[in-house]
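Structural overview for review
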Amino acid sequence: MSTSVALESLFPLCRRESPFHRHKPIPFRPFFLTCSSNLNDASFVSHQPRRTLSPALEASLADTPILHSLQCPQTITNTFQINRTQMVEGKIFVRLDPGKDLRDRELTVSCNIPGKWILHWGVTYVNDVGREWDEPPCDMIPPGSVPVKEYAIETPLKNSSLSAEGDTLQEVRIDLKDNNGISAVNFVLKDEENGTWYKNKGRDFKVSLINNLKANSDTNIIGPKRGFDLWPGNLGQISEMFFKSRADRDERSESRVPEKENNQPERFYEEVSVTKKVSVKNSISVSTKKCFESGQVKDLIHFETDLPGDAVLHWGVCRDDSKKWEVPPPPHPPGTVSFKGRALRTQLRPRDGGKGSSALITLEEGFSGFVFVLKQNENTWFKYMGNDFYIPLSSPNGLLNVGNIKDQSAGVQREVIKEASQDTSFFAFADTIANDIRNLITDNSSEKSQKTKSKKEQQSIFQEIERLAAEAYNMFRSSIPIFSEATIAEPVATFVEPETAMVEPQVTTIVEPETTMAETQATTTVVPATSVESDTLSLDPKICSGTGTGYEILCQGFNWDSHKSGRWYMELKEIASELASLGFTVVWLPPPTESVSPEGYMPKDLYNLSSRYGNIYELKDLVKTFHEVGIKVLGDAVLNHRCAHYQNKNGVWNIFGGRLNWDDSAVVGDDPHFQGKGNKSSGDNFHAAPNIDHSQEFVREDLKEWLCWLRKEVGYDGWRLDFVRGFWGGYVKEYIDASEPYFAVGEFWDSLSYTSGETDHNQDAHRQRIIDWISATNGTAGAFDVTTKGILHSALEKCEYWRLSDEKGKPPGVVGWWPSRAVTFIENHDTGSTQGHWRFPRGEEMQGYAYILTHPGTPSVFYDHIFSRYKTEIESLISIRKRNKIHCRSTVQISKAEKDVYAAIIDEKVAMKIGPGDFEPPSVSQKWSLAIEGKDYKIWEAS
């Protein structure tokens, strides 16, 4: 915040000392200000004392209300910096054209989004079947390129001469010589400003230079209808590629380019719409001063901001330090309306020049402060550190204790708050609630009332006290800052999942025990296709290591951008009690180790727990705080891959340092990028970093020791295991047995089944693969129910709620086969947040939570949804789940699964429906009462 004090005198030659000068001498030279009824007309003149007035100023004075010379008013300007983000749209272009020589060609990759773009590329030779990437010939490498690891080149994109005026177009051109024997060019695009890589479904882009390559099964080849994807960080949503074939162009062209005789594609052109998040700084300025007009002292408040677009000022005044909002008497600025009788709304008017908006407010004397929040567009609110802005007004004699102004230079945090729930954060109702509670208690405790009131009436009073206390606590919670990036309006994108060859597995039906929770110790495969799990739950987690008690409700305690604050652990500590009050029993924290990527998923030194989220001491303090409020803590363990410290003799990064100083024998031998000397991978390779060979005994022993160290040193209660597709579940069993976690869940994410681009109704093959992995762990860990998420997508997007029942009338995801090992979710840091790889249908999130929070399995709620407009509804759903003791093995009786409605009864205690269709629970055997209702969902409880 900047505070400027401007002294004003309309009688600069007056020798009489003002009362203001006597009481509080000003040590600096005065400004001279011409004050008019509109502060936009105020003009500051130089520091130099003036002897005469200019003609322009004389004219200005003639139209200006006369201020009493003894007041010597001062102008206080409070400036608040706003750090926000906005999306910049642009395109990436890939084109192949004929070169200067008739047999040569030219590949151009360009981007029109501002940034520092680097093309990381290599080539594939025709007869080279061992490696996908090789260093290109010297005559192909553009100037300014840098070799990387002897198999790739990094070439910076440069400003193009073809860019239009005012536009930015960066490009790189690669000459492709015909005699070099190259079959394809592989590349990824990197923005060095934020370290984001653009890849194709997690794989490298491949530009085929031979036509027959386009017919093979390599899905990352650029061609018709291929989609760009983002990895590992998402800068926006990607549209479908548009391939302009040679035939289409020939129809629109007068001339034809003859087909080449060497089976090479003559040319192609593709463009991709992309968005990038950029940081923007804006400000809010509030100037206050006193003016003596028409025999009265008035406060003039000039509010202005350079925020773009429409903005509405929600404001009021207060009379004392309680900062209780009230509506001042008129006059009010034009375009002002009352907001529920407790505040005013003023539509800000555009400033001269069209940049930003402003308003002028005149207040009668007697108010101690001006309070406000600012609303931009439809769903973006600006507050100060989670609280209302407060501007102290000067005292009637023009004096102001500047030292009492709280320093507000830390900036403004953005919040997305549903307008209906914003009422309590606008106004200080605490005194009213306190008085109501006090009156109720006094009335109920009096001797007379004790004799005259029935027990039912007394109980009603105490319920009202509880309600008022809960309302007061909710207001307290609403003042906590919300760190949500959902304020950015991003285009809706269709997620194209990886296209993988699917082999239908054989389903072995093994029914889980019906009367006990004890886990089988048999070594045979456990693949339940029609399992019925026990309703009797043990509260002793030792009985079933890694699966908890069955009543867990998981909170993912971060999003993709949480590392950016640099103090995420401390920010979570501040809301630990709130998460407990919402009903969460387990929290999942981000990866704790040193990492090449700031998000933590490219770990380097596993024993170095200084990350972008905080240091080891802050982490331990956070875990301790969660334990104090009754919440268990899961650590995010990245066991599949690890980034190296050193290069081998070939320049490949596969030698590790730190406490676990492994060599290349710890790296799998079938990943061509990292030249490992270990055995073949037991799962899918993750090509961005060396994949660890878990078949090596020394690797497993080191990892088990590390996990046990984390349990003891940090205090973690369990694990979220990253990318478990990369290694056999049997190794996970070893790690679980050694570290004995309270709860463990693996991320096994692969593609659902599709036919002609449509999601198949039968997803048994997909959930079978997840079941197989859980079985390989011998049931010691659960897995995220990706199947259920995918089916919910199709059901809600297309209004096809019949999808939510499988062929046997059970839930169609993992939760229908092995519910105690299914961790259900609708969004996480990968699928949602700013990555948006597979975003849940917009606006339908509460239908998803109505499903997973009433059904068996262990529900997981995403951080961005907790602190959003859905917060109150999520809290109510959690309360219903806990009140009715719904657990991971609860029974589901599906009542309806039709086109526009899905309905089910869980444990004969809770009935629910989602979808626009109608449903009422049957009242033959029991009565039902509506517990909560929202957009296209309802929940009932048995009376």
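For the structure itself, look to the data block above.
Residues numbered from 1 in each chain as written. Predicted model: local features only at pLDDT ≥ 70, side-chain atom pairs only at ≥ 80, totals over all residues. Heavy atoms only, no water.

**Some words on the pairing of strand β25 (residues 389–392)**
The two faces of a sheet get side chains in turn, since along a regular strand they alternate between them. So the rule is basically this: Accessibility here uses a 1.4 Å probe with only protein chains present; expressed as a share of the type maximum, an area under 20% marks a residue as buried, one over 50% as exposed, and anything in between as partly exposed. By definition, any uninterrupted DSSP run of H or I lasting at least four residues is a helix, any uninterrupted run of E lasting at least two residues is a strand, and each is numbered from the N terminus. Here, a strand pair is defined by DSSP locating no fewer than two bridges between the strands.
Across the two faces of β25 the burial is the same, with F389 and I391 and Y390 and P392 all buried. Strand direction decides the pairing type here: strand β23 (residues 369–376) and β25, joined by four bridges, are antiparallel. When the bridges of β25 are listed, F372 appears paired with F389.

**Details of the sheet that holds strand β41 (residues 910–914)**
Condition: Axis definition: a line fitted to C-alpha atoms, over the contacting stretch in the case of helices. Angles run 0 to 180 degrees between N-to-C directions. Contacts between residues were defined by any pair of non-hydrogen atoms, one from each residue, lying within 4.5 Å.
Ordered in space as β39-β40-β41-β43-β42, the five strands form an open sheet in which the pairing is antiparallel. A strand with exactly one partner marks an edge of an open sheet, and here the two such strands are β39 (892–897) and β42 (928–934). Across the sheet, the axes of successive neighbouring strands diverge by a mean angle of 15°, strand direction being ignored. In this structure, β39 lies alongside strand β40 (residues 902–906), joined through five bridges in antiparallel fashion. Paired with V892 across the bridge in β40 is I906. Sitting on the sheet, helix α16 (residues 845–852) is in contact with β40, β41 and β43 (937–942), with an inclination near 150° to β41. Where helix α18 (residues 871–883) meets the sheet, it contacts β41, β42 and β43, and its direction lies at approximately 155° from that of β42.

**Regarding the packing of aromatic side chains**
For clarity, the threshold we go by: Aromatic pairs are defined between Phe, Tyr and Trp rings, using the six-membered ring for Trp, whenever the two ring centres lie within 6.5 Å; interplanar angles under 30 degrees are classed as stacked, those over 60 as edge-to-face, and all others as tilted. Note on criteria: charge over ring means Lys NZ or Arg CZ within 6 Å of the ring centre, with the direction from the centre no more than 35 degrees off the ring normal.
Taken as a whole and assessed by the stated rule, the structure comprises 24 aromatic pairs. Residues F80 and Y384 carry aromatic rings whose centres are separated by 6.4 Å and whose planes lie at 55° to one another, so their mutual orientation is tilted. Of the two residues, F80 sits in strand β4 (residues 74–98) while Y384 sits in the loop between β24 (380–383) and β25, which places them 304 residues apart along the sequence. Measuring from centroid to centroid gives 5.8 Å for W315 and F370, while their planes differ by 45°, and the two rings are tilted. With W315 in strand β18 (residues 311–318) and F370 in strand β23, the pair connects residues that are 55 residues apart, well separated along the chain. Among the residues examined, W315 registers a relative accessible area of 0% and is labelled buried. For F370, a relative accessible area of 0% corresponds to the buried category. Chaining the aromatic ring pairs together yields one cluster made of F80, F303, W315, F370, F372, Y384 and F389. Cation over ring: K632 sits above Y742, and NZ or CZ is 5.0 Å from the ring centre.

**Describing the environment of R720**
Along the chain, R720 falls in strand β32 (residues 718–721). Along the sequence, R720 and F784 sit 64 residues apart, while their C-alpha atoms lie 9.7 Å from each other. For R720, the contacting residues outside a window of four places in its chain are W588, Y601, L634, G635, D636, A637, V745, E747, F784 and H829.

Spatial relationships are all this shows, so hold off on functional conclusions.
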